[in-house]
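Listed below, chain by chain, are the residues.
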Amino acid sequence: MLKISILDTPCHRRLVLEGKLIAPWVTELDTAFEKARDDLDGRDLVIELKNLTAIYQEGENLFLRLMISGVKFRGCGVFSKHVLKLLALRTRHALQEKN
């Protein structure tokens, strides 16, 4: 199960993810992201990984695509921070290949 919470502040909108990001929930997250992105009114969109216990390949691929497009991520916990660090390296390589 994946829980997606949306928290709004004057400066940014956060999508807080908790649980397991497995194949069925990747599409759900992508849909929630698109809806959240629609009415930002100049605010930043941040995806926060909080108590995320598993991320399948499909989820990593979505995160990578979002990182390349400029979405900011924030990790809470050792697992989430480690995954984000690895994806940040992949993002840098992908952006270097484009140039």
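Residues numbered from 1 in each chain as written. Predicted model: local features only at pLDDT ≥ 70, side-chain atom pairs only at ≥ 80, totals over all residues. Heavy atoms only, no water.

*Asks:* Account for the packing of helix H1 (residues 23-38) against helix H2 (residues 57-68), naming residues and giving values.
*Replies:* Following both chains from N to C, one finds H1 and H2 inclined at 25 degrees, their axes separated by 9 Å at the closest point. One element, H1, and the other, H2, form an angle in the roughly parallel class. Between H1 and H2, the residues in contact are Ala-23, Val-26, Leu-29, Asp-30 and Phe-33 and Glu-58, Gly-59, Leu-62, Phe-63, Arg-65 and Leu-66, respectively. A breakdown of the residues in the contact of H1 with H2 according to their chemical character gives seven nonpolar, one polar and three charged. (Axes fitted to C-alpha atoms, helices over the stretch in contact; angles between N-to-C directions. Helix = DSSP H or I, 4+ residues; strand = E, 2+ residues; numbered from the N terminus. Parallel < 35°, antiparallel > 145°, perpendicular 65-115°, else oblique. Contact = heavy atoms within 4.5 Å. Nonpolar A, V, L, I, M, F, W, Y, C, P; charged D, E, K, R; others polar.)

*Asks:* Help me get a handle on the environment of Leu-87, residues and values and all.
*Replies:* Position of Leu-87 among the secondary structure elements: in helix H3 (residues 78-98). Once the C-alpha coordinates of Leu-87 and Leu-64 are considered, the two residues, 23 residues apart in sequence, prove to be 6.2 Å apart. In contact with Leu-87, not counting residues within four places along its chain, are Glu-60, Phe-63, Leu-64 and Met-67.

*Asks:* Outline the pattern of salt bridges, listing residues and values.
*Replies:* Under the defined criterion, the tally for this structure stands at 10 salt bridges. Residue Glu-18 pairs with Lys-3 through a salt bridge whose shortest N-O separation is 4.0 Å. One end of the pair, Glu-18, is in strand S2 (residues 12-21); the other, Lys-3, is in strand S1 (residues 2-8), and 15 residues separate them in sequence. A salt bridge links Glu-48 to Arg-14; the nearest nitrogen and oxygen atoms lie 2.5 Å apart. Pair noted here: Glu-48 is in strand S3 (residues 44-55) and Arg-14 is in strand S2, with a separation of 34 residues, a long-range link. (Salt bridge = Lys/Arg side-chain N within 4 Å of Asp/Glu carboxyl O.)

*Asks:* I'd love a proper account of the nonpolar core, names of residues and values included.
*Replies:* Counting residues in hydrophobic clusters, the biggest one holds 24 residues, and the most contacted among them are Leu-17, Ile-47, Phe-63 and Phe-73. Secondary-structure elements contributing two or more residues to this core are S2, H1, S3, H2 and H3. The contacts of Phe-73, once residues within four sequence positions are left out, are Val-46, Ile-47, Phe-63, Leu-66, Met-67 and Leu-84. (Core = buried A, V, L, I, M, F, W, Y, C linked by side-chain atoms within 4.5 Å. Buried < 20%, exposed > 50% of the residue type's maximum accessible area, 1.4 Å probe, protein only.)

*Asks:* Explain the confidence of the model for the protein residue by residue, including any values.
*Replies:* Looking at the protein, the pLDDT average stands at 91 and 99% of residues meet or exceed 70. The secondary structure element of the protein with the lowest average pLDDT is H3, at 88, and the one with the highest is S1, at 95. (pLDDT = per-residue confidence, 0-100.)

*Asks:* Outline the environment of Phe-73, listing residues and values.
*Replies:* When you line up the elements, Phe-73 lands in strand S4 (residues 72-76). Accessibility expressed as a relative area gives 18% for Phe-73, which makes it buried. Note: C-alpha distance between Phe-73 and Phe-63 (10 residues apart in sequence) is 8.8 Å.

*Asks:* Describe the packing of aromatic side chains, with residues and values.
*Replies:* All chains considered together, the criterion is met by one aromatic pair. Judged by centre distance (5.1 Å) and plane angle (65 degrees), the ring pair of Phe-63 and Phe-73 falls under edge-to-face. Remark: Phe-73 occurs in strand S4 and Phe-63 occurs in helix H2; sequence separation between them is 10 residues. No difference in accessibility class separates Phe-63 from Phe-73, as the two residues are buried. (Phe/Tyr/Trp six-rings, centres within 6.5 Å; stacked < 30°, edge-to-face > 60°.)

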